[in-house]
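Geometric and topological summary
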Amino acid sequence: MLIVLTGICVIAGAILAAVYNMTAGPIAEAQALALEQAIKDVTPEFNNRPSEEAFMSVTPEGDSLKIYPAKMDGKLVGVAVESSNKNYKAFSGDIKVVVGFDAEGKILNYSVQQHSETPGLGAKMQDWFSDENKPKQNIKGRQMPEKGLSVSKDGGDVDAITAATITSRAFLDAVNRAYSAFMNTDATSSATSNNEKGGNDHE
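This text gives an overview of the structure that appears in the document.

As for unusual backbone geometry
Of all residues except glycine, most have a negative phi; of all peptide bonds, most are trans. We note that Asp73 has phi near 55 degrees; this positive angle belongs to a residue other than glycine. For Asp73, the location among the structural elements is in the loop between strand E2 (64-72) and strand E3 (75-84).

Describing the pattern of salt bridges
Counted under the stated rule, the structure contains 8 salt bridges. Measuring nitrogen to oxygen at the nearest pair gives 3.3 Å for the salt bridge that ties Glu52 to Arg49. Overall, the relative accessible area of 57% leaves Arg49 in the exposed class. The salt bridge partner of Glu132 is Lys140, with a shortest N-O separation of 3.6 Å.

Quick notes on the side chain of Asn176
Structurally, Asn176 is set in helix H3 (residues 165-183). The residues touching Asn176, leaving out its near neighbours within four places in the chain, are Met144, Gly148 and Leu149.

Observations regarding the sheet that holds strand E1 (residues 55-58)
Strand pairing in a sheet takes place through backbone hydrogen bonds and is either antiparallel or parallel in direction. The sheet built from 5 strands is open, its strands ordered E1-E2-E3-E4-E5 with antiparallel pairing. Of all strands in the sheet, those bounded by a partner on one side alone are E1 and strand E5 (107-114). Neighbour-to-neighbour, the strand axes of this sheet turn through a mean angle of 30 degrees, independent of strand direction. Pairing between E2 and E3: 6 bridges, direction antiparallel. If you follow Ile67 over to E3, its bridge partner there is Val81. Each of E1, E2, E3, strand E4 (96-102) and E5 is contacted by H3, which is oriented at about 50 degrees to E4, the strand it contacts most.

Points about the pairing of E5
The pairing of E4 with E5 spans 6 bridges and is antiparallel. Bridging across to E5, Lys96 finds its partner in Gln114. Counting the residues that bridge the hairpin from E4 to E5 gives 4 residues, and of these Gly105 lies at a positive phi of roughly 100 degrees.

Each value, and the rule that gives it
Residues numbered from 1 in each chain as written. Predicted model: local features only at pLDDT ≥ 70, side-chain atom pairs only at ≥ 80, totals over all residues. Heavy atoms only, no water. Helix = DSSP H or I, 4+ residues; strand = E, 2+ residues; numbered from the N terminus. Salt bridge = Lys/Arg side-chain N within 4 Å of Asp/Glu carboxyl O. Buried < 20%, exposed > 50% of the residue type's maximum accessible area, 1.4 Å probe, protein only. Contact = heavy atoms within 4.5 Å. Pairing = 2+ DSSP bridges. Axes fitted to C-alpha atoms, helices over the stretch in contact; angles between N-to-C directions.

The structure is reproduced here in structure tokens:
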């Protein structure tokens, strides 16, 4: 029986390894394509290759975020920043976003790349904070306040997702971190100031 069980484990492990090797490439390719599309969605029109000019920028929390400079004929027109929440926990896991800013730091758009929030509640973040018919929710086109964006319950001026304040705090934290990373860098020369390259609260 021990030999049989060992054999089954070996065969199962080999199958899992084979499946992983078969799917790893397509998954990575799909993620890369999704990122490229997100960069296009959140930045002005550009004619450089932001992915090839990407670099890291340090945040006030001590980690680094990747910045993709968008340029038109060599002139910086905006950036896309990959970010995630850190100061505020989401309801279910991390929220990963790509946030676009113009050259002066105004929010152009954002794209939610990954989250595990509740469908119908926190999962609304992709549309909730970009509804142009509801300016108290919409963050697109805003100049970032000195202390960053925050929900109304915390003294800010952004309406949280109904019944998903926790998610809203985490989402805005990711946006604030993206802005901090961008402001800590010279995106034109791709060098950071630290020279590092490379409702209710049930939810």
